[in-house]
Amino acid sequence: MTKTVILGVIGSDAHVVGITILEQALNAAGFDVVNLGVQSSQQEFVDAATDHDAEAVLVSSLYGHAEQDCQGFHELVTEANLEDVTTYIGGNLSVGQTDFEETREKFRAMGFDRVFNSETDPEEAIEALRADLDIRPPESEHERSRTVSV
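Overview of the structure. (Residues numbered from 1 in each chain as written. Predicted model: local features only at pLDDT ≥ 70, side-chain atom pairs only at ≥ 80, totals over all residues. Heavy atoms only, no water.)

1. Some thoughts on the pattern of salt bridges
- Applying the stated criterion across every chain, the model contains four salt bridges.
- When the shortest N-O distance is used, the salt bridge between glutamate 101 and arginine 104 registers 3.3 Å. On the criterion of helical spacing, the pair formed by glutamate 101 and arginine 104 is a turn pair, its members being three residues apart in helix 5 (residues 100-109).
- Among the residues examined, glutamate 101 registers a relative accessible area of 43% and is labelled partly exposed. (Salt bridge = Lys/Arg side-chain N within 4 Å of Asp/Glu carboxyl O. Helix = DSSP H or I, 4+ residues; strand = E, 2+ residues; numbered from the N terminus. Buried < 20%, exposed > 50% of the residue type's maximum accessible area, 1.4 Å probe, protein only.)

As structure tokens, this is what we get:
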């Protein structure tokens, strides 16, 4: 069964390259991706998750104002009865961020299941998503990772 994920850039942020790369990687990994594009509101994420019966919402922000853009986001998620939807956020989340662990804890406290920095490889996020959604990798990937001993 294909899992649906909602992907977009929140707030006034207009950085599109990262979500384009992530969309391609997620599609290649077998996910059904609904890309909201840039400058998406919290409500657009929630509406898309509801409309597409999504398993996950992936929020991107690179311009450093994610904390302001995400205030109240998980309250909207709860109001829409989407508590079971996995939520991720990634990017350059804070202006002048020096300690990413502090930033990670701030966004975890806001309700995000996983928090990634702007240097995260898409494959790392995909592996986390597979684990969180209890998805086993396709057989071809599984076979490539096996070793044969004689």
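Still more to cover.
2. Some remarks on a nonpolar patch on the surface
- Judged by side-chain polarity, Val16, Val17 and Ile21 come together as a nonpolar surface patch covering roughly 260 Å² of accessible area.
- For valine 17, the position within the fold is in helix 1 (residues 17-28).
- For valine 17, a relative accessible area of 58% gives the class exposed. (Patch = residues over 30% accessible without salt bridge, like charges linked within 9 Å, V, L, I, M, F, W, Y side chains within 5 Å. Areas by Shrake-Rupley, 256 points an atom, 1.4 Å probe, with all protein chains shown as cover.)

3. Considering the nonpolar core
- By size, the foremost hydrophobic cluster in this structure holds 23 residues, and its most contacted members are Ile6, Val57, Val59, Phe73, Ile89, Phe107 and Phe112.
- For this core, the secondary-structure elements that each account for two or more residues are helix 2 (42-51), strand 3 (56-61), helix 3 (66-70), helix 4 (73-79) and helix 5.
- The element that contributes the greatest number of residues to this core is helix 2, accounting for four residues.
- Once residues lying within four places of it in the same chain are set aside, the contact partners of phenylalanine 107 are Ala66, Glu67, Ile89, Leu93, Phe112 and Val115.
- Among the nonpolar cores identified, the runner-up in size contains 19 residues, and Leu22, Leu26, Phe31 and Tyr88 belong to it. (Core = buried A, V, L, I, M, F, W, Y, C linked by side-chain atoms within 4.5 Å. Contact = heavy atoms within 4.5 Å.)

4. Some details on unusual backbone geometry
- The backbone of glutamine 39 shows a phi angle near 55 degrees, a positive value even though the residue is not glycine.
- Its location among the elements puts glutamine 39 in the loop between strand 2 (32-35) and helix 2.
- For glutamine 39, a relative accessible area of 48% gives the class partly exposed.
- Phi at asparagine 81 takes a positive value of approximately 60 degrees, unusual for a residue other than glycine.
- Examined against the element boundaries, asparagine 81 turns out to sit in the loop between helix 4 and strand 4 (86-91).

5. Considering the side chain of threonine 87
- Relative to the helices and strands, threonine 87 is located in strand 4.
- Judged by relative accessible area, which is 2%, threonine 87 ranks as buried.
- For threonine 87, the residues in contact, after removing those within four places along its chain, are Val57, Phe73, His74, Gly111, Phe112, Asp113 and Arg114.

6. Looking at the packing of aromatic side chains
- One pass over the full model with this rule turns up four aromatic pairs.
- Chaining the aromatic ring pairs together yields one cluster made of Phe45, Phe73, Phe107 and Phe112. (Phe/Tyr/Trp six-rings, centres within 6.5 Å; stacked < 30°, edge-to-face > 60°.)

7. Here's the deal with the sheet that holds strand 1 (residues 4-9)
- In spatial order, the strands read 2-1-3-4-5; together these five strands make up an open sheet with parallel pairing. Two strands bound the open sheet, and with one partner strand each, they are strand 2 and strand 5 (114-117). Strand-to-strand, the axes of this sheet are offset by a mean angle of 20 degrees, without reference to chain direction.
- Pairing of strand 1 with strand 3 involves five bridges; the strand directions are parallel. Residue leucine 7 lies in a different strand from strand 3, and its bridge partner there is leucine 58.
- This element, helix 1, spans strand 1, strand 2 and strand 3 of the sheet and lies at about 170 degrees to strand 1.
- Against the sheet, helix 5 touches strand 4 and strand 5, its axis set at about 145 degrees to strand 5. (Pairing = 2+ DSSP bridges. Axes fitted to C-alpha atoms, helices over the stretch in contact; angles between N-to-C directions.)

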